[in-house]
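Remarks on the overall topology
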Amino acid sequence: MLALVVGFAELCVTRLVQIVTLDDYFYLGPRATWRTLQTQTEGRLMPLPRYLLYYLPPITLAILVARFIYERYIALPLGRHLNVSERRPSSPEPNAVLERSYRKNSKPDQKLIAGLAKSIDKPVRYVERWQRRQRNVSLPSQMTKFQEGSWRFLAYLVLLVFGFYVVPNKPYWHNTRLCWENYPNFSMPTDVFWYLMVELSFYISLTISQFMDIRRKDFWQMFIHHAVTIFLIFYSYITHYFAIGSMIMFVHDMADPWLEIAKVIGYTRPTASGGRRSKRQLVGEACFIIFMLVFFYTRLYLYPTHPSPLFCTVAFAA
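Report follows, based on the coordinates. (Residues numbered from 1 in each chain as written. Predicted model: local features only at pLDDT ≥ 70, side-chain atom pairs only at ≥ 80, totals over all residues. Heavy atoms only, no water.)

**Concerning the nonpolar core**
Within the largest apolar cluster, 50 residues are counted, with the highest numbers of intra-cluster contacts made by Leu 196, Phe 202 and Tyr 237. Elements represented by at least two residues in this core include exactly α3 (50-81), α7 (142-166), α8 (171-174), α9 (190-210), α10 (219-238), α11 (242-253) and α13 (279-305). The contacts of Phe 202, once residues within four sequence positions are left out, are Ile 63, Trp 151, Ala 155, Tyr 156 and Leu 159. Leu 98, Ile 113, Ile 120 and Trp 130 belong to the second largest nonpolar core, which has nine residues in total. (Core = buried A, V, L, I, M, F, W, Y, C linked by side-chain atoms within 4.5 Å. Buried < 20%, exposed > 50% of the residue type's maximum accessible area, 1.4 Å probe, protein only. Helix = DSSP H or I, 4+ residues; strand = E, 2+ residues; numbered from the N terminus. Contact = heavy atoms within 4.5 Å.)

**With respect to a positive patch on the surface**
A contiguous patch of positive charge, built from Lys 107, Arg 129, Arg 132, Arg 133, Arg 135 and Lys 217, is present on the exposed surface. Here Lys 107 lies in the loop between α4 (96-104) and α5 (110-119). (Patch = residues over 30% accessible without salt bridge, like charges linked within 9 Å, V, L, I, M, F, W, Y side chains within 5 Å. Areas by Shrake-Rupley, 256 points an atom, 1.4 Å probe, with all protein chains shown as cover. Salt bridge = Lys/Arg side-chain N within 4 Å of Asp/Glu carboxyl O. Lys, Arg positive; Asp, Glu negative; His and termini not counted. Charge placed at Lys NZ, Arg CZ, Asp CG, Glu CD.)

**A short note on a nonpolar patch on the surface**
Judged by side-chain polarity, Leu 16, Ile 19, Val 20, Ile 224, Val 228, Phe 231 and Leu 232 come together as a nonpolar surface patch covering roughly 640 Å² of accessible area. Contributions of two or more residues to the nonpolar patch are made by α1 (2-20) and α10. The element best represented in the nonpolar patch is α10, accounting for four residues. Mapped onto the elements of the fold, Leu 16 is located in helix α1. Take Leu 16: its relative accessible area is 53%, and that puts it in the exposed class.

**Notes on the side chain of Gln 210**
Among the structural elements, Gln 210 can be located in helix α9. What makes Gln 210 buried here is its relative accessible area of 12%. There is a polar contact of 3.0 Å between the side chain of Gln 210 and the backbone oxygen of Phe 219. Among all residues touching Gln 210, those that are not within four sequence positions of it are Phe 219, Met 222, Phe 223 and His 226. (Polar contact = N/O pair within 3.5 Å; in protein donor to acceptor, adjacent residues only side chain to side chain.)

**With respect to the pattern of salt bridges**
Inspection of every chain in the model, using the stated rule, returns nine salt bridges. For Glu 260, the salt bridge is made with Arg 152, and the minimal N-O distance between the two is 3.4 Å. Here the residue Glu 260 occupies a position in helix α12 (residues 256-266), and Arg 152 occupies one in helix α7, the gap between them amounting to 108 residues. With a shortest N-O distance of 2.8 Å, Lys 170 and Asp 191 are connected by a salt bridge. One end of the pair, Lys 170, is in the loop between α7 and α8; the other, Asp 191, is in helix α9, and 21 residues separate them in sequence. In the salt-bridge network here, residues are joined through shared partners; they are Arg 67, Glu 71, Glu 148 and Asp 213.

Here you go:
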């Protein structure tokens, strides 16, 4: 048993070293090495690792700057024109005992709440309400959500349009076996290269901006999501699976703009007087319905039946 554990640990360490050092055999298999790959041929290029260092930092920085300009000078005035609320939850009244306890434990159990209520000679309900208001102080305003959501909508829309320009006109979109033709010694179309660079830079920018935005309850869930997405795009690029990677990204991008625009419309307080649905609310609900239809079609039908069988053609490629 001990020998099995030690062997497994050695295998994990070996694979980790191969991943970090960009080991030729691990990424490319026995058919090629990084040295054997040519740089450019007839307007096409090879997906070499050094291009990531050349292009990712400036593109990521440009996206972050574009987001700052958009949110400050476009989304903010637009939100005010649409009467999006900028009000933030107010802080509870000062209380040294509750503040000290909150810094130690922001989610106390009922026993601790009862003890706090007794120590300050207040009802339990008062302590619960104070804790809730204190937690709500850190929540973003509707305007902040509107700014961030509208930026994501614009970014996803641009990526989707870019994807429509790049992916469907490639031969491997219609015949996935071409993804393995002469693998890995084939060059990458220039437009696919830029598509991967922009997608990868965008998700890097989302990861960076998480630490600058107001911290959300799903911070770590989204951080893991972005990290896994970055790794998968990086892996598809570095291993020359760019045909597969570009198709999967394109399929996944189809539903995202509809969800974001539905959320953005919801931040504009679309309910009409008397509790009736306004035209704006109906548009938001229609966008959400479209999102569900596109999501089910692209991710539960198109993705399993179109790009995913690529992974089943390894035997054919070998």
